Amino acid sequence: MRPRSTQITAGPRPLTKADPDRVGGWSLLARLGAGGAGVVYLARDDRLRLAALKVPHRDDAVSLARFTGEVRANALLPGAGGPPVRGVAEPLDAATSGSPPHLATQYLPGWTLRRCVDHSGPLPEPALRRAATALTGAVLVLHGAGVVHRDVKPSNVLITADGLWLVDLGIARVSGAEPPAEPARREGSPGYTPPERLAAATGTDEAEDVFGCAATLAFAAVGRDPFGTGAPDELAYRVRHAPPDLSGAPRAVRAVLEAGLAPDPAARPSVAELGALLGEPGELDDVLPEPVRRELRALAGSDWAHAAPWREAPPVASGTRRRAVLLGAVGAAALGTVGAAGFAGHLLGRRSRASAAPEEVRGPAEASDMSSRERWARPVAVPPVGRAVLADGVVFLPGLLARAFDTRTGELLWSRPGLAGSAPTPVDGGRLLAHHQIVGGGEQQLALTETRTGRSWASRPLGVALRTMTATAVVGTRGPVAFVTGVDPEADPEEAESGRRPLVAYDAVRDEVLWRTTFPAVGGNEVAGAVSGDTLLVVAADSVHGFEVGSGTEVWARDLGASLVDGHWSGTPSRRLAADSAGRAAVTGRGVLLLDSADGSTIWSVEPDADPDFAEASEEHEMDGMPMFGAPAFSGESLFLAEARWGVRALGTAEGTTRWHWEAEGPFGAPPAGCLASGGLVFPPAGQFDSAVTALDAESGEVAWHLRDGEATGGEPQLLADESGVYLLRNDRLRAITP
């Protein structure tokens, strides 16, 4: 049985097709991670020892020199050739030459300190004090061997069921060593690098690690980086000139942490003093939060010493793969259909009984490393909450700390707290962002933010209660006008969401309400809408409505057909809506409806449940009523759809027939995220785990390029694209990719 990892984001992941079977005397079992310096594998030797095996994947002189330095630092540790020392990973094997060079150290099945705190919050004081004892003890082991770590930070501290460990000697140096005359790049991590190293080239000193320990323990105490987040230069300035933010730290430890973070290294306590002032004896595992303890014990129980290598499943030929039916018979009476497109397929693992014509199926291509197209990458220390937005040359990340990055350079333009709403909407050509609320504003006021400056203000009261619209209150925009919905502020709270919803046209530049009307109720915290030509389309519970954008007059309304998500409501609308410049709008969910936005008439439609095989397979896979398609994307005369389970399909907008179909490496969720279409390319939803970003040619469906993200560790990725490029947000990193 495969060793179990209950947390995908913390455990091993499958080897890729590009990974070898062996490196030196080590058999590769799985991937542990990857970064700019190399790939780290879980490996086993003939003695059944398990190792974290680092293999540098860049052959430039700087990276090899750094790797050689790491090998030399590990060779100085007490565990190298002798009994292992708790708190420092035991060196097992190394080679700085050969094909390829590698470094094997003791495998430690656990979570980083950052992962633990992100998962369960700041450490309780007893756990903080025992972590302080263990961390300073590990640093003292290094210093006793003549090694200064120089990169003590939460992501380099591992917590296992057996205790705390300090890992990664990638930039470690021998104590007292002078820095290179011409350093190739700034070493260290912003916010955890001491000011003396930032100010000038100084010799290596143990006081550097005191600063790193204090900053790391401060993070554990308060649950955030002590010098905040931002661009590296901004953090460097704060480290040198601003006090750390220790609000929320236990009073008994705050003064000690402040001393450890003193700008003057001479004013800091020694590592031993820091441990004596902060620490207490005892096993760390006994006082960790219970959810963390459970996950660490599960990781420790995985028997990798006797497991077979874990590799990605190879793609199966289209003639044998159990794929999901994509679109059953086109033409259900409930949607007023025309003709039949004839592409009943394989969505839920069964084949259709008939098909009008064989479809061309394309699968994944070999992936290259993401660094080959990466223009810039920026850390995102405070996780965003909700959907990122691309507008006016800015990638905007909503959340507890909203941030805006310049798409060209990756520069942090601004950051600020207090903007509520997890899905801001660009207004006035992207110059403004509309949020559901601003802290300090009333519940009927929309928040507006200048995209490139961060200047924010509240609108006038709109007569619409926005309290239920935690995602977005804006269903569409046209120039400076935002079309806003919520609930009736005068209605009884228990009945507000079952009555008609208000709909308001608001000019964000003039701060003026242009018109107001209502439409039928729809449950949940988000309403699907779009503007097409002179019509605003809004999707209600079982109908879609067209309003004249200038006056608010309802010009048409039509039924959608059967409910799509009865019993499967998740707070996210099952139906999505998109419109193109040719006066067409597509509604997706369980099926697909393409309509004329001027009068609401059907152009064509798809109802998968009309296909008997699909209906049978849907029941078998417990997906009855669940949505099958993500948000639609138009480009030219094609409509692109991500399918729940296995792929992307391009449909001709004129007749609804399949132009091409691409099979993904792994399944999408239900409902899947939408595709993106930009610059003649189509981007399927980004995958989880160690997956890839794929660009498909919009005309042919051929893979234009396929980039593997070696640092992926799960999480919910977000992909953005426009003419400026492609942007991937995953876990704690935002990347710009050349299309």
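Residues numbered from 1 in each chain as written. Predicted model: local features only at pLDDT ≥ 70, side-chain atom pairs only at ≥ 80, totals over all residues. Heavy atoms only, no water.

**Description of the overall build of the chain**
The number of helices and strands found in the chain is 10 helices and 47 strands. Scored against the burial criterion, the 739 residues of the chain give a buried share of 52%. Sequence separation of at least 24 residues holds for 56% of the intrachain contacts in the chain that already meet a minimum separation of 6. As displayed, the chain has an accessible area near 29,300 Å², and 51% of this comes from carbon and sulfur atoms. (Helix = DSSP H or I, 4+ residues; strand = E, 2+ residues; numbered from the N terminus. Buried < 20%, exposed > 50% of the residue type's maximum accessible area, 1.4 Å probe, protein only. Contact = heavy atoms within 4.5 Å. Areas by Shrake-Rupley, 256 points an atom, 1.4 Å probe, with all protein chains shown as cover.)

**Side note on the sheet that holds strand 16 (residues 394-397)**
Within a sheet, each strand pairs with its neighbour through backbone hydrogen bonds, oriented either parallel or antiparallel. Taken together, the four strands give an open sheet; going across it, the order is 15-16-17-18, and neighbouring strands pair in antiparallel fashion. Of all the strands in the sheet, just strand 15 (389-391) and strand 18 (412-417) have a single pairing partner and so form its edges. On average, each strand axis in the sheet is inclined to that of its neighbour by 15°, with strand direction left out of account. Pairing of strand 17 (residues 401-406) with strand 18 involves five bridges; the strand directions are antiparallel. The residue bridging F405 from the neighbouring strand is L412, located in strand 18. (Pairing = 2+ DSSP bridges. Axes fitted to C-alpha atoms, helices over the stretch in contact; angles between N-to-C directions.)

**Re the confidence of the model for the chain**
Averaged over all residues, the pLDDT of the chain equals 79, while 74% of them reach at least 70. When pLDDT is averaged over each helix and strand of the chain, the minimum, 47, is found for strand 12 (residues 361-362) and the maximum, 95, for helix 5 (residues 207-222). This stretch, residues 1-10, has a pLDDT under 50; its non-local contacts, to residues over four places away or in other chains, come to 27 contacts. Predicted confidence is poor over residues 315-365, with pLDDT under 50, and the contacts of this stretch with residues over four places away or in other chains come to 156 contacts. (pLDDT = per-residue confidence, 0-100.)

**A closer look at the nonpolar core**
Counting 53 residues, the largest nonpolar core has L123, L135, I159, L166, L257, L278 and L288 as its most contacted members. In terms of residues, this core owes the most to one element, helix 5, which gives 11 residues. L135 has contacts with V152, V157, L164, L166, C213, T216 and L217, leaving out every residue within four places of it along the chain. In terms of nonpolar packing, the next biggest core, distinct from the first, is built from 15 residues, V427, L462, L466 and A508 among them. (Core = buried A, V, L, I, M, F, W, Y, C linked by side-chain atoms within 4.5 Å.)

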